[in-house]
Amino acid sequence: MADVIKKATRESYGEALAELSEKYSDLIVLDADLAAATKTGIFKKACPERFFDCGIAEANMMGIAAGIASTGKKVFASSFAMFAAGRAFEIVRNSIGYPHLNVKIGATHAGISVGEDGATHQCNEDIALMRTIPGMTVICPADDVEAKAAVAAALEFNGPVYMRFGRLAVPVFNDKDTYKFELGKGVQLKDGSDVTIIATGLMVNEALIAADMLAADGINARVINIHTIKPLDKEIVCKAARETGVIVTAEEHSVIGGLGSAVADAVTECCPVPVIKVGVNDVFGHSGPAVQLLKEFGLSAENIAEKAKAAVALKK
Amino acid sequence: MDATIRKQLEATACKVRMGVIEGVFNAKSGHPGGSLSICDLLTYLYFAKLNVDPKNPKMPERDRLVLSKGHCAPALYSVLAERGFFDKSELKSLRHIGAMLQGHPDMKGTPGVDMSTGSLGQGISAACGMALSGKISNESYKVYAVLGDGEIEEGQVWEAAMFAAHNKLDNLVAVVDNNGLQIDGKITDVCSPMPITDKFEAFGWHVITMNAHDFDDIERAFDEAEKINGKPVAIVQTSTKGKGVSFMENQVGWHGTAPNAEQYEQAMKELNETLKGLEG
């Protein structure tokens, strides 16, 4: 078997911007002194005249993006998730969200897998922050193929979109020849009847591994990839609740306000079933290699499988 | 400036002030003080300067105005109504449920409003974005931003100031309304942003000072701004908060308070007398 190809979704993001620069001749990309890390530098190299570095001033960058969008051009504003969603939250809300301007926010280095930089840069709150803004679309792609397709879809879509990318190279499991991204649509990757694992971002691949582990123990787990956290595909979530009776969510984000909360919100309205959340348990991270941190914070296939067994036990 | 034109502008500004009082009185809330200090500025811009078309408010080549001090929306709404963007009767339902005119400017709902503002410090960034966009595609429109002197205490203003100078946005003019007062008192007592002119100069802007209530001086300042190449322009206007209504002038208490019925009558009486004097 060939080795699994791994790639960070931030890399996919930068490449997608450069690839789409010809199709969208009015596309402007902004960054806040992180072009080398967010990978918007790839776009900068391809289209230096349409790239603007705003310096270390994320609040202003979001306002600049709003002003550009108001004149009809397409614009991406990029920084780390911590600064794009965190520091600039109120500007995103009032200058982009309230007037519903066509700004795309490309936020990289989301979650604990930022690694060595530690807690100040490990943003586990961005999904929660962004999904509270009315009219904001929130996307968290799982791999290279999905990330590139999501960038293209976001550019086609008219309205504010928050896109979450990672620093860590993660397995590419989608097939680029057959993959089709549908905004707002969950993707069932594996059918199952005992429990449903609903995952986003780099936890989707872990969910697939967890399903294999569970199969070995005789548990038939359904796996759903939610790349669009808002608007949430309630249909696929509620169907899973009805058909499997228990849900485990998995995300590289706080258990407060992220995918797990969105799923819980949905099922309490359509089909209340237990929802067990795998995520960062209301704590700050710390420095260390990303892969080790993911394990330490329970963001692993093993922990998903364990929680899935606990979920199944609740049915008895 | 031609004396007839000046008198016309003065009369229009007086009507704009009456609209401010009408709106804030009917809303029973709002910000009359800082609205009254920018009425002459907005009258000059909308009646003598901006390339705008009330019948086509989204005209792509229009000049843009961003009211970064968004709480002074009553002045913007009044001047837009006076210029024909919408009916003046809208002013009476300012801040009411279901009304078009929100407490702070809403670009989606109000014709002529180029940017939603209200959270201080944000409008200037959006204005920079509009100016940059114009530069990118070689458009001839200009962008005007109006800031409060208290507002420039927001750090984002200086992020934007850095950006505008770095990108040589000479299609951008930011007017700072230096009326000297903010909610908690004198700007020099609260957390002084002075000296304003030196700060903008240090950030690489061309700075012009102007008397906010003298149309000859306003024209001189904007004529000078027109000639500047390679730099954004900051016009620091010395103004009187509450200008035009005797009991509101230079009173910090009128920052965010609506007049009662008696005060409304008094204010309208004064403004009517001023108008009669100008039109008589």
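Our subject is the structure that appears above.
Attention here is on the structure that accompanies the text. (Residues numbered from 1 in each chain as written. Chains lettered and ligands numbered in written order. Predicted model: local features only at pLDDT ≥ 70, side-chain atom pairs only at ≥ 80, totals over all residues. Heavy atoms only, no water.)

### Here's the deal with the packing of aromatic side chains
All names here are of chain B.
Part 1: Scanning the entire structure with this criterion turns up 11 aromatic pairs over all chains.
Part 2: Through a chain of ring-to-ring contacts, three or more aromatic side chains come together here, namely Trp158, Phe200, Phe203 and Trp205.
Part 3: Between Arg64 and the ring centre of Tyr141, over which it is positioned, the NZ or CZ distance is 4.2 Å. (Phe/Tyr/Trp six-rings, centres within 6.5 Å; stacked < 30°, edge-to-face > 60°. Lys NZ or Arg CZ within 6 Å of the ring centre and 35° of its normal.)

### Considerations on the sheet that holds strand S6 (residues 206–211) of chain B
Residues and elements named next belong to chain B.
Part 1: Across the sheet, five strands lie side by side as S1-S2-S3-S7-S6; this open sheet has parallel pairing. Each having just a single partner strand, strand S1 (64–67) and S6 make up the two edges of the open sheet. Ignoring which end each strand starts from, the neighbouring axes of this sheet average 20 degrees apart.
Part 2: Alignment of strand S2 (residues 143–148) against strand S3 (residues 172–178), held across six bridges, turns out to be parallel. Each residue of the ladder has a partner; that of Val146, found in S3, is Val175.
Part 3: Sheet contacts for helix H5 (residues 123–136): S1, S2 and S3; angle to S2, the most-contacted strand, approximately 170 degrees.
Part 4: Against the sheet, helix H9 (residues 215–226) touches S2, S3, S6 and strand S7 (233–238), its axis set at about 170 degrees to S6. (Pairing = 2+ DSSP bridges. Helix = DSSP H or I, 4+ residues; strand = E, 2+ residues; numbered from the N terminus. Axes fitted to C-alpha atoms, helices over the stretch in contact; angles between N-to-C directions. Contact = heavy atoms within 4.5 Å.)

### Side note on the sheet that holds strand S2 (residues 27–31) of chain A
All names here are of chain A.
Part 1: Spatially, seven strands are ordered S3-S2-S4-S5-S7-S6-S12 in an open sheet, and the strand pairing comes out mixed. The open sheet is flanked by strand S3 (51–53) and strand S12 (228–230), the only strands paired with a single partner. Each adjacent strand pair in this sheet contributes to an overall mean axis angle of 20 degrees, direction not counted.
Part 2: Note: strand S6 (residues 137–139) against S12, two bridges, orientation antiparallel. Along S12, the bridge assignment pairs Ile139 with Thr228.
Part 3: Contacts from helix H4 (residues 58–70) reach S2, strand S4 (74–80) and strand S5 (103–108) within the one sheet, and its direction differs from that of S4 by about 170 degrees.

### With respect to the pattern of salt bridges
All names here are of chain A.
Part 1: All chains considered together, the criterion is met by 25 salt bridges over all chains.
Part 2: Linking Glu15 and Lys148 is a salt bridge whose minimum nitrogen-to-oxygen distance equals 2.8 Å. Placement of the pair is Glu15 in helix H1 (residues 9–20) and Lys148 in helix H8 (residues 144–156), with a sequence separation of 133 residues.
Part 3: By relative accessible area, which is 21% here, Lys148 ends up partly exposed. (Salt bridge = Lys/Arg side-chain N within 4 Å of Asp/Glu carboxyl O. Buried < 20%, exposed > 50% of the residue type's maximum accessible area, 1.4 Å probe, protein only.)

### Quick look at the interface of chain A and chain B
Part 1: At the junction of the two partners, chain A supplies 24 residues and chain B supplies 26 residues.
Part 2: A combined buried area of about 1900 Å² lies between chain A and chain B, and 61% of that area is made up of carbon and sulfur atoms.
Part 3: Among the residues of chain A in contact with chain B, Phe52, Asn60 and Tyr98 of chain A are the three that bury the most area, contributing 25% of the side total.
Part 4: Here Glu139 of chain B makes a salt bridge to Lys73 of chain A, at a shortest N to O gap of 3.8 Å.
Part 5: Where chain A meets chain B, there are nine residue pairs in polar contact (both at pLDDT 80 or more).
Part 6: Looking at the side of chain A that touches chain B, the elements with two or more residues in it are S3, H4 and helix H6 (89–97) of chain A. (Buried area = accessible area lost by both parts, 1.4 Å probe. Polar contact = N/O pair within 3.5 Å; in protein donor to acceptor, adjacent residues only side chain to side chain.)

### Section: the pairing of strand S14 (residues 275–280) of chain A
Residues in a regular strand project their side chains so that they alternate between the two faces of the sheet.
Residues and elements named next belong to chain A.
Part 1: With five bridges connecting them, strand S13 (residues 247–254) and S14 associate as parallel partners. Paired with Val248 across the strands is Ile276, a residue of S14.
Part 2: Handedness of the crossover joining S13 and S14 through helix H11 (residues 259–270): right-handed. (Right-handed = clockwise from strand over helix to strand, strands pointing away.)

### Quick word on empty space enclosed by the protein
Residue and element names in this part refer to chain A.
Part 1: Scanning all chains against the criterion turns up three cavities of 30 Å³ or more.
Part 2: Along the walls of the largest cavity sit 19 residues, with Phe165, Gly166, Gly201, Leu202 and Glu252 positioned nearest its centre.
Part 3: The element that contributes the greatest number of residues to the lining of the largest cavity is S13, accounting for three residues.
Part 4: Of the pockets and cavities examined, the second largest cavity occupies roughly 40 Å³.
Part 5: The residue makeup of the lining of the second largest cavity, split by class, is four nonpolar, one polar and three charged. (1 Å grid on protein atoms, 1.4 Å probe; cavity = no way out; pocket = protein on both sides within 12 Å on 5 of 7 lines; lining within 4 Å. Points joined across faces, edges and corners; volume = space filled by probe spheres on them. Nonpolar A, V, L, I, M, F, W, Y, C, P; charged D, E, K, R; others polar.)

### Focus on the layout of surface pockets
In this approach, a probe sized like a water molecule rolls over the atoms, and the result shows the empty space that is left.
Part 1: Approximately 280 Å³ is the volume found for the largest pocket.
Part 2: Lining the largest pocket we find 17 residues, and of these Leu168, Pro171, Glu206, Val291 and Leu294 of chain A sit closest to its centre.
Part 3: The set of elements that each furnish at least two residues to the lining of the largest pocket consists of strand S8 (170–171), helix H9 (203–216), helix H12 (290–296) and helix H13 (301–314) of chain A.
Part 4: Taken together, the residues of the lining of the largest pocket break down into 11 nonpolar, two polar and four charged.
Part 5: Of the voids in this model, the second largest pocket is the one considered here, and its volume is about 220 Å³.
Part 6: Lining of the second largest pocket is provided by 16 residues; of these, Leu120, Gly150, Glu151, Gln182 and His255 of chain B occupy positions nearest its centre.
Part 7: Looking at side-chain class alone, the lining of the second largest pocket contains three nonpolar, seven polar and six charged residues.

### As for the nonpolar core
Part 1: Residues Leu30 and Met62 of chain A together with Leu65, Trp205, Phe222 and Ile235 of chain B are the most contacted members of the largest nonpolar core, which totals 144 residues.
Part 2: Not counting chain neighbours up to four residues away, the residues in contact with Trp205 of chain B comprise Ile124, Ala161, Ala164, Ala165, Leu172, Ala174, Phe200, Lys231, Pro232, Val233 and Ala234 of chain B.
Part 3: With 32 residues, the next largest nonpolar core counts Ala210, Ala221, Val223 and Leu299 of chain A among its residues. (Core = buried A, V, L, I, M, F, W, Y, C linked by side-chain atoms within 4.5 Å.)

### Observations regarding the state of the cysteines
Residues and elements named next belong to chain B.
Part 1: Scanning the entire structure with this criterion turns up one disulfide over all chains.
Part 2: Unpaired in this structure, Cys14 has its nearest cysteine sulfur neighbour in Cys39, at a distance of 9.4 Å.
Part 3: Sulfur of Cys191: no disulfide; nearest cysteine sulfur belongs to Cys72 and is 20 Å away. (Disulfide = S-S within 2.5 Å.)

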